[in-house]
Amino acid sequence: MTRPSSTAWQGLCLSLCLGLCAPLAQARAPLVRACANQAEMPPFTFVERGNGRIDGSANGKLTGVTVDMLGKIARQHGWQLSVQLMPWLRCLAFVAEGKFQLALDVDRADAGALALSRSYFTVHSMYFYSSRVHPRGLGLQALDQLARHKICGLLGRRFEAYGIDTDKVDLGTTSYEQLIGKLHRGRCDLFIENRETLAGLYLLNPKLADMLTDPTLHSEPVPGLAARELRIAVAPGEGALLRQLDEGLARLLAQGEVDKLLANYLQ
């Protein structure tokens, strides 16, 4: 029997290593589990639909500016990344308990005691009302005037940043269509949302776009409120992960990648 040459043995060993070591390396890669609000927040985090539109059939793939940014950071550091939508309060609780490492698209009002990454986008709060119910408008001039009205909001949201006790807000709503319907039926006077999210929904959801362009639905900037910053919340004890996250976000912002991703989704 002819014995393989040393070169042949080296080639065989290399082939075995490539075949066996790659799966082992992948298995050793840290799994970073992230969650986001199941109400979705386009263009930042949402489910991709057929033809890129929400009226198409959902294929279950999460996409958006935040998901893309996190994917770029994950590839640089060799993370295995998993992102899942769930009820917002459950998401924040799972991160606080260490069951998930990250919660996406968080502002300080929602974060509680969770550590936060550097900000990656600034959003602007608007209040929406129906002229069917309030034909003269609400005429809000100061932030503390919000609490004089009946407010509704999406399940899991917090309102202390607006000077409002969350317990006094009607949170029995899981979609923007329901929120707008409540306004027109007079079940609440206003709801608050950032204009960037509704701009994303306008482009992706034809049904909601029709509701948003209804001339009896009006919006005004929330008075006396600085713009809100989106961040990523990090589980306790994940200091190294937070540092990697901040470094990655700083690099993407310096390279103008965030603006490029946003333009891609809003074109």
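What counts, and at which threshold
Residues numbered from 1 in each chain as written. Predicted model: local features only at pLDDT ≥ 70, side-chain atom pairs only at ≥ 80, totals over all residues. Heavy atoms only, no water. Phe/Tyr/Trp six-rings, centres within 6.5 Å; stacked < 30°, edge-to-face > 60°. Helix = DSSP H or I, 4+ residues; strand = E, 2+ residues; numbered from the N terminus. Buried < 20%, exposed > 50% of the residue type's maximum accessible area, 1.4 Å probe, protein only. Pairing = 2+ DSSP bridges. Axes fitted to C-alpha atoms, helices over the stretch in contact; angles between N-to-C directions. Contact = heavy atoms within 4.5 Å. Core = buried A, V, L, I, M, F, W, Y, C linked by side-chain atoms within 4.5 Å. Disulfide = S-S within 2.5 Å. pLDDT = per-residue confidence, 0-100. Patch = residues over 30% accessible without salt bridge, like charges linked within 9 Å, V, L, I, M, F, W, Y side chains within 5 Å. Areas by Shrake-Rupley, 256 points an atom, 1.4 Å probe, with all protein chains shown as cover. Salt bridge = Lys/Arg side-chain N within 4 Å of Asp/Glu carboxyl O. Polar contact = N/O pair within 3.5 Å; in protein donor to acceptor, adjacent residues only side chain to side chain.

## Side note on the packing of aromatic side chains
Under the definition given, this model contains six aromatic pairs. Relative to phenylalanine 191, the ring of phenylalanine 128 has its centre 4.9 Å away and its plane inclined at 5 degrees; by these criteria the two rings are stacked. Highlighted residues: phenylalanine 128 in strand S8 (residues 125-130) and phenylalanine 191 in strand S11 (residues 191-194), separated in sequence by 63 residues. Taken individually, phenylalanine 128 and phenylalanine 191 each receive the classification buried, so the pair is uniform in this respect. With centroids separated by 6.1 Å and ring planes inclined at 45 degrees, the aromatic side chains of phenylalanine 159 and tyrosine 162 adopt a geometry described as tilted.

## A few points about the sheet that holds strand S12 (residues 217-221)
An order of S11-S8-S12 is seen for the three strands of this open sheet, with the pairing classed as antiparallel. Unpaired on one side and paired on the other, S11 and S12 mark the two borders of the sheet. When strand polarity is set aside, the average angle formed by the axes of neighbouring strands in this sheet is 35 degrees. By the bridge criterion, five bridges tie S8 to S12 in an arrangement that is antiparallel. Within S12, the position partnered with phenylalanine 128 by the bridge is serine 219. Its contacts with the sheet place helix H6 (residues 195-204) against S8 and S11, and it is angled at close to 80 degrees to S11.

## Concerning the nonpolar core
Counting 30 residues, the largest nonpolar core has Val65, Met69, Leu70, Trp79, Leu102, Phe121 and Leu245 as the members making the most contacts within it. Broken down by secondary-structure element, the contributors of at least two residues to this core are strand S1 (31-37), helix H2 (65-77), strand S5 (102-106), strand S7 (121-123), strand S13 (228-234), helix H8 (239-254) and helix H9 (257-266). If near-sequence neighbours (up to four positions away) are discounted, tryptophan 79 is found in contact with Pro30, Val32, Leu70, Ile73, Ala74, Leu241, Gln244 and Leu245. Counting residues in hydrophobic clusters, the runner-up holds 16 residues, among them Met126, Phe128, Cys188 and Phe191.

## A word on the state of the cysteines
Applying the stated criterion to the full structure yields two disulfides. Covalent S-S linkage joins cysteine 152 and cysteine 188, the inter-sulfur distance amounting to 2.2 Å. With a gap of 36 residues between them, cysteine 152 in strand S9 (residues 152-154) and cysteine 188 in the loop between helix H5 (176-184) and S11 connect regions that are remote in the sequence. Take cysteine 152 and cysteine 188: they sit in the same class, and that class is buried. When the bonded cysteines of the protein chain are counted from the start of the sequence, the pairing works out to 1-2, 3-4.

## Notes on the pairing of S1
Put simply, side chains in a regular strand alternate between the two faces of the sheet. For S1, the tally of buried residues reaches five of seven residues, placing the bulk of the element in the interior. Where S1 lies against strand S4 (residues 80-86), seven bridges are found, and the strand directions are parallel. If you follow valine 32 over to S4, its bridge partner there is leucine 81. Note that S1 and S5 share two bridges and pair parallel. Paired with cysteine 35 across the strands is alanine 103, a residue of S5.

## Some points on the confidence of the model for the protein chain
Averaged over every residue, the pLDDT of the protein chain is 85; residues scoring 70 or more account for 85%. Note that pLDDT drops below 50 for residues 7-18; the model gives that stretch three contacts with residues more than four away or on any other chain. Taken together, the stretch residues 51-58 has pLDDT below 50 and engages in 17 contacts with residues farther than four places along the chain or on a different chain.

## Examining a nonpolar patch on the surface
Taken together, the side chains of Tyr202, Leu203 and Leu266 make up a nonpolar region of the molecular surface, amounting to roughly 240 Å² of accessible area. Mapped onto the fold, leucine 266 is located in helix H9.

## Observations concerning the side chain of glutamate 193
Mapped onto the elements of the fold, glutamate 193 is located in strand S11. Side chain to side chain, glutamate 193 and asparagine 194 meet in a polar contact 3.1 Å long. Excluding anything up to four places from it in sequence, glutamate 193 contacts His124, Ser125, Met126, Phe128, Leu154, Arg157, Tyr176 and Leu198.

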